[in-house]
Amino acid sequence: MNVMNTWSSASGPTNPPFERIAVIGGGAWGTALALTAARAGRTVILWCRRPEIALDINGNRRNEAYLPGIDIPDRITATTDLAHACAGADAVLLVTPSGSIREMSRALAACMAPGVPLVLCAKGIEVSSGKLLTDVAAEECPSSPIAVLSGPTFASETALAYPTAVTIASAFDPSLPPEHGVASRLAVALGSEAFRPYVTDDVIGVEIGGAMKNVIAICCGMMTGAGFAENTRAALIARGLDEMKALAEAMGGRRETVTGLSGVGDLSLTCSSMQSRNMSLGVQLGEGRAREDCFDGRPVVVEGEINSISVTDLARKKGVDLPICEAVRAILHDRAPIGETFAGLWSRPLESETRTMDLSLAHPADAQAIRRFAEEFS
């Protein structure tokens, strides 16, 4: 049974999928989501900040700057006019870096019709305010329902239609059946044989997972770059996941959400591949490169570098201990030596893995751990 038939039998003709999708952001992930929507049968208009990107898409059916070699179907039209992109849109996907969400949401508020959902496809926490991106968007677009799309996705693989699963989160109206909610309609609008969306109402849990996994990935990369192997990375992923659960719960989200696609799914992907800019940055730093020399000196935006401040600021306000994220922040922003910082992380008192036990034991080899890390990173 195809997706469209499933929707029709479940909710009837009064709540069809969103048919006209505006995607705001002509980078790799924005283009990949535009391709996803087009494959699902939607009409797509893609807003590009750079005129040459729009010209390449409309003229050559390619976005060689961000997704070279991938054909773009005629169902996708590119534009540099934000108002034109939003005109007649049933839903708007905002696919720009987390630091631009407030600015872009404010601009979209002047273009979007009231009631049209705004779907955030960036991951992070606003540094200046400590607010979740959904709260930022809601402030700037008060007449739009806000949703979040997150999960373990590399843009190139999504664009090539490799089987991919994501989570779409939005608040549900208790007066309506769940299948009539914004997240449900978006899931059906974007779902295809290769792209499988799951639905949740836990917006907070999804956002926290998306913001924190980038920070943990930088840490995994540092340890990999220094020459440590799979045991170390697995330990950091598992303990990083525990940090994600703790902050999500403190913010009012659900620990269960963090064990899903937008949490452990995204975390395992980002911490396991050099396709991730976060992992790649960490590896280069672990190999001993100065930050300004990473990525061959190119000004590459690494979301986890920004999120390491916003995540730890938020955790400090909530009284949540995040040792791994704090270590990444200290190295990136406080110029703390990598070896000494990881020595401190690894030689902390031993503790229980379960939250029900209040346990702290002096580390029996703390001095040796400190010497080991000093030697590894010297």
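This text gives an overview of the structure that appears in the document.

Calculation notes
Residues numbered from 1 in each chain as written. Predicted model: local features only at pLDDT ≥ 70, side-chain atom pairs only at ≥ 80, totals over all residues. Heavy atoms only, no water. Helix = DSSP H or I, 4+ residues; strand = E, 2+ residues; numbered from the N terminus. Rg over C-alpha atoms; globule rule 2.2 N^0.38 Å. Contact = heavy atoms within 4.5 Å. Areas by Shrake-Rupley, 256 points an atom, 1.4 Å probe, with all protein chains shown as cover. Lys, Arg positive; Asp, Glu negative; His and termini not counted. Charge placed at Lys NZ, Arg CZ, Asp CG, Glu CD. Buried < 20%, exposed > 50% of the residue type's maximum accessible area, 1.4 Å probe, protein only. Pairing = 2+ DSSP bridges. Axes fitted to C-alpha atoms, helices over the stretch in contact; angles between N-to-C directions. Core = buried A, V, L, I, M, F, W, Y, C linked by side-chain atoms within 4.5 Å. Phe/Tyr/Trp six-rings, centres within 6.5 Å; stacked < 30°, edge-to-face > 60°. Lys NZ or Arg CZ within 6 Å of the ring centre and 35° of its normal.

**Some points on the overall build of the chain**
Within the chain, the secondary structure is distributed over 17 helices and ten strands. Relative to its length of 378 residues, the chain is compact, with a C-alpha radius of gyration of 21 Å against a globular reference of 21 Å. Partitioning the contacts of the chain with sequence separation of at least 6, the portion at a separation of at least 24 is 69%. Surface summary for the chain: the accessible area is close to 16,400 Å², and the carbon and sulfur share equals 53%. Side-chain charges in the chain split into 33 positive and 43 negative, and the spacing between the mean points of these groups amounts to 2 Å.

**Some remarks on unusual backbone geometry**
Its identity as a non-glycine residue notwithstanding, Ala161 has a phi of 65°, on the positive side. Inspection of the secondary structure assignment puts Ala161 in the loop between helix 7 (155-159) and strand 7 (164-170). Residue class for Ala161 comes out partly exposed when judged on its relative accessible area of 29%. Residue Asp296 is not a glycine yet carries a positive backbone phi of 55°. Here Asp296 is to be found in the loop between helix 13 (277-286) and helix 14 (303-318).

**Quick look at the sheet that holds strand 4 (residues 91-94)**
Overall, mixed pairing links the eight strands, which are arranged 3-2-1-4-5-6-7-8 in an open sheet. In the strand order of this sheet, the two ends are held by strand 3 (76-79) and strand 8 (195-200), each with one partner. Averaged over all pairs of adjacent strands, the angle between strand axes in this sheet comes to 25°, irrespective of strand direction. Examined bridge by bridge, strand 1 (residues 20-24) and strand 2 (residues 43-47) share five bridges and lie parallel to one another. When the sheet's bridge partners are listed, Val23 is paired in strand 2 with Leu46. Across the face of the sheet, helix 9 (residues 203-225) comes into contact with strand 6 (146-150), strand 7 and strand 8 while running at roughly 45° to strand 6.

**Things to note about the nonpolar core**
One recurring pattern in soluble globular proteins: nonpolar side chains tend to sit buried together. Ranked by size, the top nonpolar core spans 49 residues in total, and within it Ile208, Met212, Leu247, Val311, Leu322, Phe342 and Phe377 carry the most contacts. Those elements that place two or more of their residues in this core are helix 9, helix 10 (230-250), helix 13, helix 14, helix 15 (323-333) and helix 16 (338-346). In terms of residue count, the dominant contributor to this core is helix 9 (eleven residues). With residues near it in sequence (within four places) discarded, Leu322 still touches Met212, Glu243, Leu247, Val311 and Ala315. Residues Ala38, Cys48, Ala91 and Ala189 belong to the second largest nonpolar core, which totals 39 residues.

**A look at the packing of aromatic side chains**
The full count for this structure, using the stated rule, is five aromatic pairs. Judged by centre distance (5.6 Å) and plane angle (35°), the rings of Phe228 and Phe373 are tilted. With a gap of 145 residues between them, Phe228 in the loop between helix 9 and helix 10 and Phe373 in helix 17 (residues 366-376) connect regions that are remote in the sequence. Residue classification places Phe228 among the buried residues on the basis of a relative accessible area of 15%. With a relative accessible area of 5%, Phe373 lands in the buried category. Judged by centre distance (6.5 Å) and plane angle (10°), the ring pair of Phe373 and Phe377 falls under stacked. Following the ring pairs from residue to residue traces out a cluster consisting of Phe228, Phe342, Trp346, Phe373 and Phe377. In this structure, Arg185 is placed above the aromatic ring of Phe18, and the distance from its NZ or CZ to the ring centre is 4.2 Å.

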